[in-house]
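Understanding the architecture of this molecule
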Amino acid sequence: MSNRMAIKRCPYCSTNLNIHDTRCASCKRRVGEADKYGIARKPFDWKGYGMCILATIAFVGFMWWAFFRK
Ligand SMILES: [Zn+2]
């Protein structure tokens, strides 16, 4: 029970990591705190989030351009 949370698993490649690791030793991606299942959380990715918003805006803009322009 005491070492239940001593390891966590990378959410990307399922490699076992030390509970204190902030980066996966195998795939080099950033990992966060372990959740209750012992799987490391994916840190919030502002860059990816921003790209997602930009892609959405671009898509909506394209749809508007494609279907609603006179
Ligand atoms: Zn990994």
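Let me begin by describing the structure that accompanies this report.

Cut-offs used in this document
Here, residues in each chain are numbered from 1, in the same order as that chain's written sequence. In keeping with the model being predicted, local features are shown solely for residues with a pLDDT of at least 70 and side-chain atom pairs are shown and tallied solely at 80 or more, while totals for entire chains, interfaces and linings include all residues. Heavy atoms throughout the structure, all of them, feed into the side-chain values; hydrogens and water do not. For Na, K and Ca the donor cutoff is 3.2 Å, while for all other metals N, O and S atoms count as donors only within 2.8 Å; water does not appear among the atoms, so some sites may look incomplete. Each label reflects the angles at the metal, where four donors whose angles all fall between 85 and 135 degrees are tetrahedral, four or six donors whose opposite pairs open beyond 155 degrees and whose other angles stay between 65 and 115 are square planar or octahedral respectively, and the rest are irregular. Working definition: helices are DSSP H or I runs of at least four residues, strands are E runs of at least two. Numbering for both runs from the N terminus. With a 1.4 Å probe rolled over the protein chains alone, any residue whose accessible area is under 20% of its type maximum counts as buried; one over 50% counts as exposed, and the rest are partly exposed. Among buried residues, the Ala, Val, Leu, Ile, Met, Phe, Trp, Tyr and Cys ones that are joined through side-chain atoms within 4.5 Å form a nonpolar core. In what follows, residue pairs with any heavy atoms lying within 4.5 Å of each other are defined as contacts. Ring geometry is summarised as follows: Phe, Tyr and Trp rings, the Trp one being its six-membered ring, pair when their centres sit within 6.5 Å, and such pairs are stacked at plane angles under 30 degrees, edge-to-face over 60 and tilted between the two. Any Lys NZ or Arg CZ found within 6 Å of a ring centre and within 35 degrees of that ring's normal is scored as a charge over the ring. A 3.5 Å cut-off defines polar contacts: any pair of N or O atoms within that distance qualifies, except that in protein one atom must be a possible hydrogen donor and the other a possible acceptor, and neighbouring residues in sequence count only when both atoms are side-chain atoms.

1. Notes on the coordination of the zinc ion
Ideal coordination angles are 109.5 degrees for a metal with four donors arranged tetrahedrally and 90 or 180 degrees for a metal with six donors arranged octahedrally. Those protein atoms acting as donors to the zinc ion are Cys-10 (SG), Cys-13 (SG), Cys-24 (SG) and Cys-27 (SG), and they sit at 2.2 to 2.3 Å. Taken together, the four donor atoms surrounding the zinc ion define angles of 105 to 116° at the centre, an arrangement classified as tetrahedral. Here the donor residues of the zinc ion share one chain and are spaced in sequence as C-x2-C-x10-C-x2-C. Here the residue Cys-13 occupies a position in the loop between strand 1 (7-9) and strand 2 (16-18), and Cys-27 occupies one in the loop between strand 2 and helix 1 (46-67), the gap between them amounting to 14 residues. For Cys-13, a relative accessible area of 32% puts it in the partly exposed group.

2. Regarding the nonpolar core
Judged by nonpolar contacts, Cys-10, Leu-17, Cys-24, Val-31 and Ala-40 together constitute the single largest core of five residues. When near neighbours in sequence (up to four residues on either side) are disregarded, Leu-17 contacts Ala-6, Ile-7, Lys-8, Cys-10, Cys-24, Ala-25 and Val-31.

3. A few points about the packing of aromatic side chains
Within the structure shown, the criterion is met by two aromatic pairs. Each ring, one from Trp-46 and one from Tyr-49, has its centre 6.1 Å from the other, and the planes form 85°; the classification is edge-to-face. With Trp-46 and Tyr-49 both in helix 1 and three residues apart, the pair spans about one turn of that helix. For Trp-46, a relative accessible area of 64% translates into the label exposed. The class for Tyr-49 is partly exposed, based on a relative accessible area of 42%. Taking the ring centre of Tyr-12 as reference, the NZ or CZ of Arg-29 above it sits at 3.9 Å.

4. A short note on the side chain of Lys-8
Among the structural elements, Lys-8 can be located in strand 1. A distance of 2.6 Å separates a polar atom in the side chain of Lys-8 from the backbone oxygen of Asp-21. In contact with Lys-8, other than residues within four places in its own chain, are Thr-15, Asn-16, Leu-17, Asn-18, Ile-19, His-20, Asp-21, Val-31, Gly-32, Ala-34, Gly-38 and Ala-40.

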